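Summary of the model geometry
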Amino acid sequence: MDIIEADKLVKRFGELEAVREVSFTVREGEIFGFLGPNGAGKTTVINILCTLLRPTQGQARVNGYDVTRECNKVRQSIGLIFQEPTLDDYLTAEQNLRFHGYAYGIPRALLDERLRALLEMVELWDRRKAKIRTYSGGMKRRLEIARGLLHRPRVLFLDEPTLGLDPQTRRRIWDYIHDLRKQENLTIFMTTHYMEEAENCDRVAIIDYGQIEVMDTREALKDSVGGDIISLKTEDNEEAMRLLVGEYKLCPSIRNGVISFAVPRGEEFLPGFVSGFPVPISSVGLARPTMEDVFLQVTGRSIREQEADPMQEMRQMVRMRERQR
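These numbers come from a predicted model, not from an experiment.

For Asn96, the location among the structural elements is in helix α3 (residues 93-103). Filtering out sequence-adjacent residues up to four positions away, Asn96 remains in contact with Leu87, Asp88, Leu91, Ile132 and Arg147.

This part takes up helix α5 (residues 137-149). In this model, α5 (13 residues) spans 19 Å end to end at C-alpha, consistent with the 18 Å of a helix rising 1.5 Å per residue. Looking at α5, one finds that the buried residues are Gly138, Met139, Lys140, Arg141, Arg142, Leu143, Glu144, Ile145, Ala146, Arg147, Gly148 and Leu149. Here the buried face of α5 lies against β6 (78-81), α3, α4 (108-121), β7 (155-159) and α6 (167-184).

This part takes up the sheet that holds β6. Judged by pairing direction, the sheet is mixed, and its six strands sit side by side in the order β6-β7-β8-β3-β9-β10 without closing on themselves. If you trace the sheet from one side to the other, it starts and ends with β6 and β10 (211-217), each paired once. Across the sheet, the axes of successive neighbouring strands diverge by a mean angle of 15 degrees, strand direction being ignored.

Detailed reading of the predicted model is not advised wherever pLDDT is low. Mean pLDDT for the protein: 88, with 93% of residues reaching 70 or above. Segment residues 305-325: pLDDT under 50, and 34 contacts once partners within four positions in sequence are set aside and those in other chains are kept.

This next bit is on the side chain of His193. Relative to the helices and strands, His193 is located in the loop between β8 (187-192) and α7 (195-198). Here Glu160 takes part through its side chain, which lies 3.1 Å from a polar atom of the side chain of His193.

Rules behind the numbers
Residues numbered from 1 in each chain as written. Predicted model: local features only at pLDDT ≥ 70, side-chain atom pairs only at ≥ 80, totals over all residues. Heavy atoms only, no water. Helix = DSSP H or I, 4+ residues; strand = E, 2+ residues; numbered from the N terminus. Contact = heavy atoms within 4.5 Å. Expected span 1.5 Å × (residues − 1). Buried < 20%, exposed > 50% of the residue type's maximum accessible area, 1.4 Å probe, protein only. Pairing = 2+ DSSP bridges. Axes fitted to C-alpha atoms, helices over the stretch in contact; angles between N-to-C directions. pLDDT = per-residue confidence, 0-100. Polar contact = N/O pair within 3.5 Å; in protein donor to acceptor, adjacent residues only side chain to side chain.

Below is the structure:
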């Protein structure tokens, strides 16, 4: 079942077309990711799906509800974690969550139960009476995730969920997210420009300049790069090269005494190859393509080469609102 459906979404800010006929679906229970640089249109798409922006053209549905005609039903169905912190620093963690619960009309007894369960899950129950201004960045992020789940949404939107956090805290946040997915049967839609973070997704869409360039599972995207790289040293590299070209129909290269070649699904290829190769092998290695390799192949540049101002999309929205006055 598809819980998110987007059909030819377009969003213009004056003459700037930030989103260009974007279409995709997200299956219930999966982690779906938008991977791309800042300013590529990721946040704009999330804002459309979360009813914070109206599309210029196209349609979208979340949990079966139209994002322009059934805004309130969409909002009841989703949780949203913004790029920038949205907690009230002068309130405690418990007060922040209670305010959110009251806004969603959660009954007092049920709110108490959920509040404790979520705070314990993100390991903040002992700090529930502390004001947010005393929290670290990672603690704030964990609390925002708990807040986004308080009303039991069907879909959790994460816009750059670990932006600005150190690698150790990122891993911890993702441990919580994976646990939540299992416990709540949650669908997660995330955006990121961190290549390693995209590894958490079941499927990834690479978005650049407002368009989806490619979309598939992580493994399929990596396979599209040309396969895994096998590197080996043998006792007779000349004979090994002859066999690899003639018998194995591969395209090997040799550099500094190391033979390299690409094959699809190297972890499946390697055991049989090593046991059956007639030339004695002294060492062998396997390297999988990364999401960085995929992005480079699809766009022709690394994501770091086109990093944009992280406030670019926000300024676009401000300009749009000014024009509408």
